[in-house]
Amino acid sequence: MSLFIAISLPKSTLDIIDSTFHDKGIPDQLWQRGNDLHITLLFLKQGIPKEEYIQSVKERLKTISFSSFSIKIAGLEVWNKKDNYQIIHLQVEESEIIKNIQSKMANLFPERISTLPFKPHISLIRSKEISISKSEELKGKFSSFEIDKISVDTIHLYISNKESVNNRNLYRKIESYPAN
């Protein structure tokens, strides 16, 4: 399980991602499901969070104020982790607005897993079952992939857990925070 703050994606964006990346020689079960795609802004906690902690997070997030803004998805990237575990993801173009929101959240959650700057992204595949050469091939082919001006007017607190059937993460919004 994990607890994190993210932006959900509109159906039009999900459709573009699906039509672009579906069936690229990678088994369907490795791809994140369309409805589960989101832009992670800040990762808070790994493991089963206590209800008191979840309530504390909800209360702290109520204090964040932000105006609606637009984001741009700019390129496919690969993070190679230990033991050949890879995260194939779409990058979110950095902006002052996102940095500002992340800074506010980082100040609210000093207990988060990492104090390193967190790079917003959309995870497409998280797996040990894809070769480094295949992930690099995808990176080369889609490094210039772009989706411009996705309007954001809400951030969400998500919780995830592993699906028992195929060990894939399932994501559930547990609270939403609209722009002012």
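Residues numbered from 1 in each chain as written. Predicted model: local features only at pLDDT ≥ 70, side-chain atom pairs only at ≥ 80, totals over all residues. Heavy atoms only, no water.

1. Some points on the side chain of Gln 102
Turning to its location among the elements, Gln 102 is positioned in helix H3 (residues 96-108). The class for Gln 102 is buried, based on a relative accessible area of 13%. Those residues in contact with Gln 102 that lie beyond four places of it in its chain are Leu 41, Phe 118 and Pro 120. (Helix = DSSP H or I, 4+ residues; strand = E, 2+ residues; numbered from the N terminus. Buried < 20%, exposed > 50% of the residue type's maximum accessible area, 1.4 Å probe, protein only. Contact = heavy atoms within 4.5 Å.)

2. Comments concerning the side chain of Ser 2
For Ser 2, the location among the structural elements is in strand S1 (residues 2-8). By relative accessible area, Ser 2 is classed as buried at 5%. Setting aside its immediate chain neighbours within four residues, Ser 2 contacts Phe 43, Lys 45, Gln 46, Gly 47, Tyr 158, Ile 159 and Ser 160.

3. With respect to empty space enclosed by the protein
Tallied over the full model, the rule gives one cavity of 30 Å³ or more. Computed from the structure, the largest cavity encloses a volume of approximately 30 Å³. Along its surface, the largest cavity is lined by Gln 32, Asp 36, Leu 37, His 38, Ser 123 and Tyr 171. (1 Å grid on protein atoms, 1.4 Å probe; cavity = no way out; pocket = protein on both sides within 12 Å on 5 of 7 lines; lining within 4 Å. Points joined across faces, edges and corners; volume = space filled by probe spheres on them.)

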